[in-house]
Amino acid sequence: MATTAAERIVVRRPFEEVAKVATDPQVLLPLVAGLGRFKFIRDNGDGSEEWDMFLDIGAIHVGGRVRVVSTPPTLSWASVRGTRHTMAVEVTEHPQGAEVSMTMTVQLGGLVMGRIAEFVARGIAGRHLVAGLEQLRHHLEFGDLA
Amino acid sequence: MARIGLPAMHRVADGLEGRDPEFIRKVLPRLWLAFELYFRAEVEGFENVPQDEPVLFVGNHSGGAGVPDTWLFLLAYNTYFTVEGRPLVGLAHRVITEAPVIGDLARRFGMVKAGPDRAREVLEQGANVLVYPGGDVEALRPTRDRNRIVFDGRKGFLKLAHDAGVKIVPVVATGGQETVIVINDGRKTAKALRLDTLLRIKSVPLVLNSPWLMLPLPTVPLPAKIRMQVLPPIDLREKFGDDPDWDHAYDFVTSTMQVGLSALAARTTLPGLG
């Protein structure tokens, strides 16, 4: 079993500009993980990068090492250790500029308690996605970090 | 159409003259108990507030008629800067300031009826001013929008800060809108009943009250955890010059606050519980 959180936001900037920034791991990961901790590990030389990324949520740290692949206008990553999860970022055209969507799927261990934990995790992941998307939008529209 | 004039039944003077530090000192422990034990409140970021000049605090309003965020800010401000420090004057809806008993209570805490002239006067007197541009519209926004900034396009606060030459200090809070359950914003109802023109009431929402369900009786707020964050100041003159594009300035300030609010909301594990 797994649970998925999905959020999207409209950015009032040209599609090409948004796609370039939103799929650049060096820009996006610090924005998404800005509420927790993140660290660039290595460039794998095959078009992918490895990062350590954690969201600090109360008593636990959700995340681990992820392998990131950027193919504009999309970016995706999958965990290679730590919390089992995947992330997909996609930029599409929108009448006001561009729309950025983020989808995170988290898989936690256990049966009943695991399902309950996934239910809670979905809300937490969703709120973190919103926070990351708002940071990204503000960064693109106003050129600074709030 | 002329607005309905509420009878002036207050005995306490309006503004800094009516602010009563001894009264505030007596009330603070009660507020502290309520917010510490019932709402498990957390307030951070007062180190961002310039100490040597008055500022305009701009907050997102939540919690329906109870507006717990206002009381929490008054509590935190008056304990951080002390009751004897730079006074804080809150701009309140006339329904509050002109109500008997409650109006006097609000005035003793240093609240005045919201309006640009009065706000500018107290800023010139050296007080910090607290304003909630979204007012009743934001405090009564649907629960599904609890983590959204809803200023309804109101830009008066920007002009006030710019004209008075003071910085804006944004204040964002989560949890307040989880103390009530608002099903819809009721803006169409307010317009249909002409309350927007008669009493400047823009929202008559459908609210699920505790413990009266939907009856319009005094309610008990739900014990949601409230988090508040004071953000770094914004100098409108420095950022937008002497003749700002107000739409751009509005977008920037509300965007900055939305980023802060969403980041604060991300600290929530479960809505209500915190």
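Residues numbered from 1 in each chain as written. Chains lettered and ligands numbered in written order. Predicted model: local features only at pLDDT ≥ 70, side-chain atom pairs only at ≥ 80, totals over all residues. Heavy atoms only, no water.

## A short note on the sheet that holds strand E2 (residues 37-43) of chain A
All names here are of chain A. Strand order across the open sheet formed by 7 strands is E1-E7-E6-E5-E4-E3-E2, with antiparallel pairing between neighbours. With one partner strand each, in any of the chains shown, strand E1 (3-11) and E2 form the two edges of the open sheet. The sheet shows a mean angle of 20 degrees between the axes of neighbouring strands, taken without regard to direction. Along the sheet, helix H2 (residues 25-32) makes contact with E2, strand E3 (48-57), strand E4 (60-71), strand E5 (74-82), strand E6 (84-94) and strand E7 (97-107), crossing E3 at roughly 10 degrees. Lying over the sheet, helix H3 (residues 112-142) contacts E1, E3, E6 and E7, oriented at roughly 20 degrees with respect to E1. (Pairing = 2+ DSSP bridges. Helix = DSSP H or I, 4+ residues; strand = E, 2+ residues; numbered from the N terminus. Axes fitted to C-alpha atoms, helices over the stretch in contact; angles between N-to-C directions. Contact = heavy atoms within 4.5 Å.)

## Structural notes on the interface of chain A and chain B
Contacts between the two partners involve 16 residues from chain A, matched on the other side by 17 residues from chain B. Summed over the three residues of chain A that lose the most area to chain B, namely A:Arg127, A:Glu134 and A:Phe142, the buried surface amounts to 42% of that side. Between chain A and chain B we count 2 salt bridges in total. Between B:Asp251 and A:Arg12 there is a salt bridge whose closest N-O contact spans 3.8 Å. (Buried area = accessible area lost by both parts, 1.4 Å probe. Salt bridge = Lys/Arg side-chain N within 4 Å of Asp/Glu carboxyl O.)

## Description of H3(A)
Under the 1.5 Å per step criterion, the end-to-end length of H3(A) is 45 Å for 31 residues, consistent within 8% with the ideal 45 Å. Taken from the residues just after H3(A), A:Gly143 is the one with a positive phi, measuring 70 degrees. (Expected span 1.5 Å × (residues − 1).)

## Things to note about the packing of aromatic side chains
All names here are of chain B. Enumeration over the complete set of coordinates arrives at 17 aromatic pairs over all chains. With a centroid separation of 5.9 Å and an interplanar angle of 80 degrees, the aromatic rings of Phe23 and Phe109 are classed as edge-to-face. Of this pair, Phe23 sits in helix H1 (residues 21-38) while Phe109 is found in the loop between helix H4 (102-108) and strand E4 (111-113), placing the two residues 86 residues apart along the sequence. On the basis of relative accessibility, which here comes to 1%, the residue Phe109 falls in the buried class. Look at Phe240 and Phe252: their rings are 5.8 Å apart centre to centre, the planes differ by 70 degrees, and that puts the pair in the edge-to-face class. A residue pair is termed long-range when its members are at least 10 positions apart, and Phe240 in helix H10 (residues 236-240) and Phe252 in helix H11 (residues 246-265) qualify at 12 residues. By relative accessible area, Phe240 is classed as buried at 16%. (Phe/Tyr/Trp six-rings, centres within 6.5 Å; stacked < 30°, edge-to-face > 60°. Buried < 20%, exposed > 50% of the residue type's maximum accessible area, 1.4 Å probe, protein only.)

## A few points about the packing of helix H5 (residues 116-124) of chain B against helix H7 (residues 156-164) of chain B
All names here are of chain B. Look at H5 against H7: their axes get within 10 Å of each other, and the N-to-C directions meet at 35 degrees. Like other packed secondary-structure pairs, H5 and H7 cross with a definite hand, here right-handed. Between H5 and H7, the residues in contact are Pro116, Ala119, Arg120 and Leu123 and Leu160, Asp163 and Ala164, respectively. Each residue belonging to the contact of H5 with H7 can be placed in one class, and the counts come to 5 nonpolar, no polar and 2 charged. (Left-handed = near helix turned anticlockwise from the far one by under 90°. Nonpolar A, V, L, I, M, F, W, Y, C, P; charged D, E, K, R; others polar.)

## Focus on the side chain of A:Glu141
Note on placement: A:Glu141 falls in helix H3. When residues no more than four places from it in sequence are discounted, the contact partners of A:Glu141 are A:Val10, A:Val11, A:Arg12 and A:Arg13.

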